[in-house]
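# Structure assessment
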Amino acid sequence: MDVRELTVPGAWELTPRQFPDDRGVFLEWFTAGALRAASGRRLELAQANASTSRAGVVRGIHYADTPPGQAKYVTCAAGSVLDVVVDLRVGSPTFGRWDAVVLDTRDRRAVFLSEGLGHGFMALEDDSTVVYLCSTGYAPEREHGVDPRDPDLGIDWPTHGPGGEPLTPSFSAKDAAAPTLDAARDAGALPSWDEVSAFLRTLEG
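Let me begin by describing the structure that accompanies this report.

Definitions and limits used
- Residues numbered from 1 in each chain as written.
- Predicted model: local features only at pLDDT ≥ 70, side-chain atom pairs only at ≥ 80, totals over all residues.
- Heavy atoms only, no water.
- Pairing = 2+ DSSP bridges.
- Helix = DSSP H or I, 4+ residues; strand = E, 2+ residues; numbered from the N terminus.
- Axes fitted to C-alpha atoms, helices over the stretch in contact; angles between N-to-C directions.
- 1 Å grid on protein atoms, 1.4 Å probe; cavity = no way out; pocket = protein on both sides within 12 Å on 5 of 7 lines; lining within 4 Å.
- Points joined across faces, edges and corners; volume = space filled by probe spheres on them.
- Nonpolar A, V, L, I, M, F, W, Y, C, P; charged D, E, K, R; others polar.

## Some thoughts on the sheet that holds strand S12 (residues 128–134)
Paired through their backbone hydrogen bonds, the strands of a sheet run either parallel or antiparallel. What the six strands build is an open sheet, ordered S1-S2-S10-S7-S12-S5; its pairing is antiparallel. Strands with a single pairing partner mark the edges of an open sheet, and in this sheet they are strand S1 (2–5) and strand S5 (47–53). Between one strand axis and the next, the sheet turns by 20° as a mean value, whatever way the strands run. Pairing of strand S2 (residues 11–15) with strand S10 (residues 110–113), which is carried by four bridges, proceeds in the antiparallel orientation. By the bridge assignment for S10, Ala11 is matched with Leu113.

Here's what the structure looks like:
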């Protein structure tokens, strides 16, 4: 498995080796050893989620209070998406930076993002199915979002799908009403770089 750290520290792109034959293809889309070798930390799994979206749907940007936060290991099982990671850790040298990876059924990449980072994606095709492993279970009182359209974040959401077809972004009412990054920071709602770093040290080894 090839691993590349994204420009947002604490997030990695993982590209598995695929084994095609006349029956189809086999791959290991997650291995604890590869993740630990790249990140130096362990990932305890508490929940596995899946969502299917039509083209243009944007889900996110979501994050959870840290500690314990929620780390995610994400891949696309059908269709394709642009997966986005945002540094929401107040005090981080890269606060407000985002990076993105296309997840699809050609390269079958995955993205791992640590606690304290924001996550979202846009479906590039109808019936795009995203599956992700989570370090903690669903806890609505600890889960929040920032506006995926925030001009100060400047996320470059695609305007066309892989076949050149135009995309019209659509958002849930909750995501559309989420605060901007600055508003969330001013309200004290974002994770702290120091608190997240201290928590991650407990997961090392």
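## Some thoughts on the layout of surface pockets
What the largest pocket holds in volume is close to 640 Å³. What lines the largest pocket is a set of 31 residues, and nearest its centre among them are His62, Lys72, Tyr132, Tyr138 and Glu143. Looking at the lining of the largest pocket, the elements that each hand over two or more residues are S5, strand S6 (57–64), strand S11 (117–123), strand S13 (143–145) and helix H2 (173–176). Among the elements that make up the lining of the largest pocket, the one with the highest residue count is S6 (six residues). Here the residues of the lining of the largest pocket sort into 13 nonpolar, 13 polar and five charged. Each pocket or cavity is described by its volume, and for the second largest pocket that value is around 210 Å³. Looking at the second largest pocket, it is lined by 14 residues, and the ones nearest its centre are Gly10, Trp12, Ser39, Ser114 and Leu200. Considering each element in turn, the lining of the second largest pocket owes the most residues, five residues, to helix H4 (residues 193–201).

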